[in-house]
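Structural overview for review
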Amino acid sequence: MSKNKRNSAAAPQQGKQEKRRAEQEKQKQKTRILIFSTVAAVIIIFVALIMLIPKGNSDFNYSEMHRLGKEDAPVKIVEFGDYKCPACSDFTGTIKPQLVEKYVTPGKAAFYFVNMAFIGPDSETASLAALSVYHQNSEAFWTYYDAIYANQGEESEEWATADYLVSLAQKENLPIDFDLLRKDIEERTYESELQRDMKLAEDSKVTSTPTVFVNGVKVDKAFDIKAIDSQVQIALDSADAK
């Protein structure tokens, strides 16, 4: 076969090889694009999931709060409440006992209270009285806390006077100094602590009472016991994982 004939025969073969290489390169490019797209999608989904995880409040200083239960309990349930708030009274009579029975008594959680005295003068006066009791006898505080809510006056009336609050403590036979309680109320001894609680409520973007947090995560509905249970379980699982 002559040289010219061999060259003419090789030309179509060379064209096919180049076409094949071009197709292979094109396929590789598609594969690379697919891989990059998949990785990008995974990253986007991962970031979205992280953003959906409820953010906790890292500013909570539990040592400054009234505590019911073990200090080292893995779950910390915080209530922001107002002693003049009728809904808080309902919470204390319905939801809190369930939380105490299921979580506080077995040592799974501790229950904390933060004053958000915003409804009126009674709110502050009752808070100052409760703070006085707390500083005299931290265990008696919870008896007084329950008593104030159980004997709460009408929201439209001013009922939390020094006389009323001292007589309530006497009625409950609290192991405290009643004269000191009256003095603390009238002189607003624990005003700075009350304002500290109010600042914490503001910083935590609490706008109504009762508001509940579980390990720093806000529960959307304070009266939704299932929602609280769910958040407590998440906190318990997280503690077990550590």
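Here the structure is shown first, and the text comes after it.
Quick caveat, the model's predicted, so the values are computed rather than measured. Each chain carries its own residue numbering, running from 1 in the written order of its sequence. Owing to the predicted nature of the model, reporting of local features is limited to residues with pLDDT of at least 70; listing and counting of side-chain atom pairs is limited to 80 or more, with chain, interface and lining totals taken over all residues. Here the side-chain values reflect all heavy atoms present in the structure, with hydrogen atoms and water set aside.

Turning our attention to helix H7 (residues 191-203). Helix numbering and strand numbering both begin at the N terminus, where a helix is a DSSP run of H or I of at least 4 residues and a strand a DSSP run of E of at least 2. Expected helix span is given by 1.5 Å per residue-to-residue step, counting one fewer step than there are residues. An ideal rise of 1.5 Å per residue puts 18 Å on 13 residues; H7 measures up with 18 Å between its terminal C-alpha atoms. For H7, the set of buried residues is Glu193, Leu194, Asp197, Leu200 and Ala201. Looking down the long axis of H7, one finds its buried residues gathered within 120 degrees of arc, a one-sided arrangement. Facing away from the buried side of H7 by more than 90 degrees, the exposed set consists of Ser192 and Glu202. One or two residues past the end of H7 sits lysine 205, with phi positive at roughly 60 degrees. Only protein chains enter the calculation, and the probe is 1.4 Å; a residue is then buried if its accessible area is under 20% of its type maximum, exposed if over 50%, and partly exposed in between. It is the directions from the helix axis to the C-beta atoms whose arc is reported.

As a packed pair, helix H3 (residues 121-136) and helix H6 (residues 178-186) sit with axes 9 Å apart at the nearest point and diverge in direction by 135 degrees. Taken together, the axes of H3 and H6 lie oblique to each other. Where H3 crosses over H6, the handedness of that crossing is right-handed. Residues Thr125, Leu128, Ala129, Ser132, Val133 and Gln136 of H3 pack against Leu180, Leu181, Asp184 and Ile185 of H6. Within the contact of H3 with H6, the residues separate by chemical class into 6 nonpolar, 3 polar and 1 charged. Here an angle of 0 to 180 degrees is reported between the N-to-C directions of two axes, which are lines fitted to C-alpha atoms, with helices fitted over the stretch in contact. Angle categories are assigned with fixed cut-offs, so that under 35 degrees is roughly parallel, over 145 is roughly antiparallel, 65 to 115 is roughly perpendicular, and the rest are oblique. Whether a crossing is left-handed or right-handed is set by the direction in which the near helix is turned from the far one by less than a right angle, anticlockwise for left-handed and clockwise for right-handed. Contacts are assigned to residue pairs with any non-hydrogen atoms lying within 4.5 Å of each other. Under the grouping applied here, Gly and all other residues not named as nonpolar or charged are polar, the nonpolar ones being Ala, Val, Leu, Ile, Met, Phe, Trp, Tyr, Cys and Pro and the charged ones Asp, Glu, Lys and Arg.

Turning to the packing of aromatic side chains, a few remarks are in order. The geometry of an aromatic ring pair comes down to the distance between the two centres and the angle between the two planes. Under the pairing criterion, centres of Phe, Tyr and Trp rings, with the six-membered ring standing for Trp, must be within 6.5 Å; the plane angle then separates stacked pairs below 30 degrees from edge-to-face pairs above 60, leaving the rest tilted. This structure, assessed with the given rule, holds 17 aromatic pairs. Taken together, a centroid distance of 5.2 Å and an interplanar angle of 80 degrees make the contact between phenylalanine 60 and phenylalanine 213 edge-to-face. One end of the pair, phenylalanine 60, is in the loop between helix H1 (3-52) and strand S1 (66-68); the other, phenylalanine 213, is in strand S4 (residues 211-214), with 153 residues separating them in the sequence. The same class applies to phenylalanine 60 and to phenylalanine 213, which are both buried. With 5.8 Å between their ring centres and 80 degrees between their planes, tryptophan 159 and tyrosine 164 make a pair best called edge-to-face. Among the aromatic side chains, those forming a connected cluster through ring pairs are Tyr83, Phe111, Phe113, Tyr134, Phe141, Trp142, Tyr145 and Tyr149. In this structure, lysine 76 packs its charged tip against the face of tyrosine 62, placed 5.5 Å from the ring centre. Only Lys NZ and Arg CZ are tested; either one counts as a charge over a ring when it is within 6 Å of the ring centre and within 35 degrees of the ring normal.

In the sections that follow, a salt bridge refers to a side-chain nitrogen of Lys or Arg positioned within 4 Å of a carboxyl oxygen of Asp or Glu. Scanning all chains against the criterion turns up 11 salt bridges. A salt bridge links aspartate 146 to lysine 96; the shortest N-O distance between them is 3.3 Å. With aspartate 146 in helix H4 (residues 138-150) and lysine 96 in helix H2 (residues 86-104), this pair connects stretches of sequence that are 50 residues apart. Residue aspartate 146 is classed as partly exposed on the basis of its relative accessible area of 32%. Given a relative accessible area of 7%, lysine 96 falls into the buried group. Between aspartate 163 and arginine 182 there is a salt bridge; the shortest N-O distance is 2.7 Å. One end of the pair, aspartate 163, is in helix H5 (residues 162-171); the other, arginine 182, is in helix H6, with 19 residues separating them in the sequence. One salt-bridge network, held together by shared partners, links Glu64, Arg196 and Asp197.

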